[in-house]
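# Architecture at a glance
Now for the letters of each chain:
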Number of protein chains: 2
Amino acid sequence: MATVSIKEVAHRAGVSVGTVSNVLNHPDTVAIATRRRVLSVITELGYVRNDSARQLRAGRSQTVAMVALDLANPFFTDVMRGAEIAAEAGGVNVMIFNSGEDTARERRHLDMLGGQRVLGVLITPVDETNNARLDRLVERGIPVVLVDRGSGSHERCSVAVDDVLGGQLAGQHLREQGHHRIAFVGGPFSIRQVSDRHTGFTAALNDGPDVRLFSTSNLTVAAGREAGQTIAELPAAKRPTAVFCANDLLALGVLQEMTTHGVSVPRDMAIVGYDDIEFAAAAAVPLSSVRQPREQLGRAATQLLLEEVNEPQSHEHRHVVFRPDLVVRESSATKVTASAKRGK
Amino acid sequence: MATVSIKEVAHRAGVSVGTVSNVLNHPDTVAIATRRRVLSVITELGYVRNDSARQLRAGRSQTVAMVALDLANPFFTDVMRGAEIAAEAGGVNVMIFNSGEDTARERRHLDMLGGQRVLGVLITPVDETNNARLDRLVERGIPVVLVDRGSGSHERCSVAVDDVLGGQLAGQHLREQGHHRIAFVGGPFSIRQVSDRHTGFTAALNDGPDVRLFSTSNLTVAAGREAGQTIAELPAAKRPTAVFCANDLLALGVLQEMTTHGVSVPRDMAIVGYDDIEFAAAAAVPLSSVRQPREQLGRAATQLLLEEVNEPQSHEHRHVVFRPDLVVRESSATKVTASAKRGK
DNA sequence: AGATCAAATTGAATCGTTTTACATCCTGAG
DNA sequence: CTCAGGATGTAAAACGATTCAATTTGATCT
């Protein structure tokens, strides 16, 4: 309960507070004997530096904050992991906050971070368009990096993954497998990711087969099942032989419905998802999926942030765009290479 | 860039710093005209309180920390959500940290939290046994609440869910369904949750059928599939007609393998999982599962913490144990009530 | 011994708030 | 007209660390 300060340590060690501080921050400037004495008093009293005082003096903290859109989504926990790794390498701490897609909560968090004088903020904002609060942080010298929200803005750095390319990869793959009747399952198109993936997908098939669109109202397994049922009930001759889904949840729903209706995957129907969530590999028929380098995303974002923190004047804002890649598994393999590919 | 302080505001408003502080903290003690003037200067200059200074003065922050064992696990994100709700109600902030089951990382986080003088800590420690660092926090007046780690210790509060009871619920349920050959899939037993669930399960069946044990080396879908294969390949006459799995991932693996081997669920085989993860309801055959009140866990933990913070002297440490409940879905329903029960 | 210089240590100022004891002003009661 | 006492407002002292100019100490060289 008695919180012990540097002054008390100094007194007990028979030195001045300045010396104690030096032991902590510039150990090489203090004589070895003194250093040892001070250190032993420190452990004896259980002294712990008061970071508030430290930060007050320094003018800023040693912490960056990540404000995630939805921590229940594994995408963000992976990004977080990457951020933690990069932060550790840079000698700073990461504090995680969760906006839960709630503007008010996001606002509260940002205000608080401003008051805390954090080093910088990594954020996937709820609202892509109105970022006044972020601008205010930047004005006050707190750099902000956007994650997975590539507003081409030149005001700040951003990291993102190329969703158009992701769609293209899926399209090329299915085309190479010789499919002619192909469908896209996904929606709503107001979500940039969805429309980008669709755009890339159709582009890859532009001189080939038409893409039939099955629009969904959200990105859940249930929605996938609904679409899957519609598809499975089509007469076999008109039914697509391949489906690309805007995310893995949809794909899993479609897959289940195919199984239920006796449509064999991949023989009668190839399926490709997006995100490569953990369950993709663990599905009844392991699911092909477009993988995003999520951890890298977090690492890169943090590195950009620290760069800006450390060289504010020479820093130029950059927009890093990563390439996703396609993980082919049984659900879309022409020849079922089966267990060999059943990775994790 | 020019970070503006209370002094500047005071100067521009033609008052003393004390008055500005009062406007912020005791608005009713300052004349309405002055208050307005000060407030307008504040917004004009974009002044933001420096929390470091505030905390230094106050001796503590207005933040509680939650150190999660593994944020990639939805269990903890739900607990987190509960904690956030309760914290908000109590007027404090929550900072989330992730130890990722890594002792070193946990240690670093705890040290940092000590330095930050947080109000209190919610934690699921990596190591159940050695909590010296937690003791040190407590000694220094920072209360700690254990989450899902019910060390009967009288040193601190804890919240947990009764896993023995959870196992019992599953056992009773399967017994009521008239099953005679019953199996338990799970492991390793060094994990308390696993052994508790097993204990409760066998207890519920003690005067009835024997429980055949299929031990796994971890709690993944892959492990579940392995066990499922073994089970499915038993001659139908000796094969269990019901399986209780130590968690949902195992259950999903078992379910897949049954489907593959043409064993109909639930007709030939009932399956019950544990955790009620989001995918449980979305599985090909919606999965019965034992649900833990995870959000409540977080809420309760935070409330205990805040209680201890606010009344340190009168506070008595408590151990709150929640009751899980069984969600019956198709995978274990005698009569398939089908779509009616397909709720998310 | 005295001068010189590097190494070690000190003391005070500083960061931005909050708080407390005190001063000032004003109003209305006596 | 005076005075008590409530409203307002102020100045200065904390809070705990870091830093920097100044000082002391001690060793080395002549």
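Within any chain, residue numbers begin from 1 and follow the written order of that chain's sequence. Starting at A for chains and at 1 for ligands, labels are handed out in the order in which the entities are written. Reporting in this predicted model follows two pLDDT cut-offs: at least 70 for local features of residues, and 80 or more for side-chain atom pairs to be given and counted; totals over whole chains, interfaces and linings ignore these cut-offs and use all residues. Heavy atoms from the whole structure form the basis of all side-chain values; hydrogens and water molecules are not counted.

Per an unreviewed UniProt entry, chain A is named LacI family transcriptional regulator, and its organism is Rhizocola hellebori.

## Some remarks on the protein's contact with DNA strand D
One heavy atom within 4 Å of a molecule or strand is enough for the residue carrying it to be called near that molecule or strand. The immediate surroundings of DNA strand D are formed by 22 residues, with A:I6, A:Y47, A:R54, A:R57 and B:T34 found nearest. For DNA strand D, the fraction of protein-proximal atoms (within 4 Å) that sit in sugar or phosphate groups is 69%. Here a phosphate oxygen of DNA strand D sits 2.3 Å away from a polar atom, N or O, in the main chain of A:I6. Take the surface near DNA strand D: its biggest share by element is four residues, from helix 4 (residues 51-58) of chain A. In this classification, the charged set is Asp, Glu, Lys and Arg, the nonpolar set is Ala, Val, Leu, Ile, Met, Phe, Trp, Tyr, Cys and Pro, and all remaining amino acids, among them Gly, are polar. A breakdown of the residues in the surface near DNA strand D according to their chemical character gives nine nonpolar, nine polar and four charged. As used in this structure description, the phrase polar contact means that two N or O atoms lie within 3.5 Å; if the pair is within protein, one of them must be able to donate a hydrogen and the other to accept it, and residues adjacent in sequence are counted only when both atoms belong to side chains. Under the scheme used here, helices are H or I runs from DSSP no shorter than 4 residues and strands are E runs no shorter than 2 residues, and both carry numbers assigned from the N terminus.

## Let's talk about the relation of the copies chain B and chain A
Superposing chain B onto chain A requires a rotation of 180° together with a translation of 0.1 Å along the rotation axis, leaving an RMSD of 0.1 Å. Both copies are brought into coincidence by an operation consistent with a two-fold rotation axis. Least squares is the method for superposing the copies, and the C-alpha atoms it fits come from residues with pLDDT of at least 70 in both.

## Re the sheet that holds strand 6 (residues 182-186) of chain A
Hydrogen bonds along the backbone pair up the strands of a sheet, which may run parallel or antiparallel. Residues and elements named next belong to chain A. Read from one edge to the other, the open sheet built from six strands follows the order 7-6-8-9-10-12, with strand pairing classed as mixed. The outermost strands of the open sheet, each flanked by one partner alone, are strand 7 (211-215) and strand 12 (325-327). Each strand of the sheet is rotated relative to its neighbour by a mean of 20°, with strand direction disregarded. Think of it this way: DSSP has to see at least two bridges between two strands before they count as a pair. Pairing analysis gives three bridges linking strand 10 (residues 288-291) to strand 12, with the strands arranged antiparallel. Structural elements are reduced to axes, namely lines fitted to C-alpha atoms, with helices fitted over the stretch in contact, and the angle between N-to-C directions of any two is expressed from 0 to 180 degrees.

## Section: the protein's contact with DNA strand C
Contacts to DNA strand C come from 23 residues, most closely from A:T34, B:I6, B:Y47, B:R54 and B:R57. Take the atoms of DNA strand C that sit within 4 Å of the protein: sugar and phosphate atoms are 68% of them. Side-chain polar atom of B:R49 to a phosphate oxygen of DNA strand C: 3.2 Å apart, as the coordinates give it. Measuring from a phosphate oxygen of DNA strand C, one finds a side-chain N or O atom of B:R54 at 2.7 Å. Where the surface near DNA strand C is concerned, the elements lending two or more residues are helix 2 (17-25) and helix 4 of chain A together with helix 2 (17-25) and helix 4 (51-58) of chain B.

## Topic: unusual backbone geometry
Omega for the peptide link from A:G187 to A:P188 comes to -5°, which places this bond in the cis form. Between A:V265 and A:P266 the backbone carries a cis peptide bond, its omega angle lying at 10°. Mapping A:P266 onto the fold places it in the loop between helix 11 (248-260) and strand 9 (270-274). One non-glycine residue with positive phi stands out, namely B:R117, at about 55°. Along the chain, B:R117 turns up in the loop between helix 6 (103-116) and strand 3 (120-123).

## Observations concerning the UniProt feature "domain: HTH lacI-type" (unreviewed entry) in chain A
UniProt positions are given in the numbering used here, feature names are shortened, and annotations may be inferred rather than shown by experiment. Per the UniProt entry, the sites bearing "domain: HTH lacI-type" (unreviewed entry) are residues 4-58 of chain A in this numbering. Regarding residues 4-58 of chain A, the helix share stands at 71% and the strand share at 0%, and the terminal C-alpha atoms are separated by 21 Å.

## As for the sheet that holds strand 6 (residues 182-186) of chain B
All names here are of chain B. Spatially, 7-6-8-9-10-12 is the arrangement adopted by the six strands of the open sheet, whose pairing is mixed. The outermost strands of the open sheet, each flanked by one partner alone, are strand 7 (211-215) and strand 12 (325-327). When the angles between neighbouring strand axes are averaged without regard to direction, this sheet yields 20°. Bridging between strand 8 (residues 242-245) and strand 9 (residues 270-274) involves three bridges; their strand directions are parallel. Directly across from F244, in strand 9, lies its bridge partner V272. Helix 8 (residues 163-176) rests against strand 6, strand 8, strand 9, strand 10 (288-291) and strand 12 of the sheet, and its axis sits at about 165° to strand 9. Contact between two residues is taken to exist if any of their heavy atoms lie within 4.5 Å; hydrogens are not considered. Across the face of the sheet, helix 9 (residues 192-204) comes into contact with strand 6, strand 7, strand 8 and strand 9 while running at roughly 170° to strand 6.

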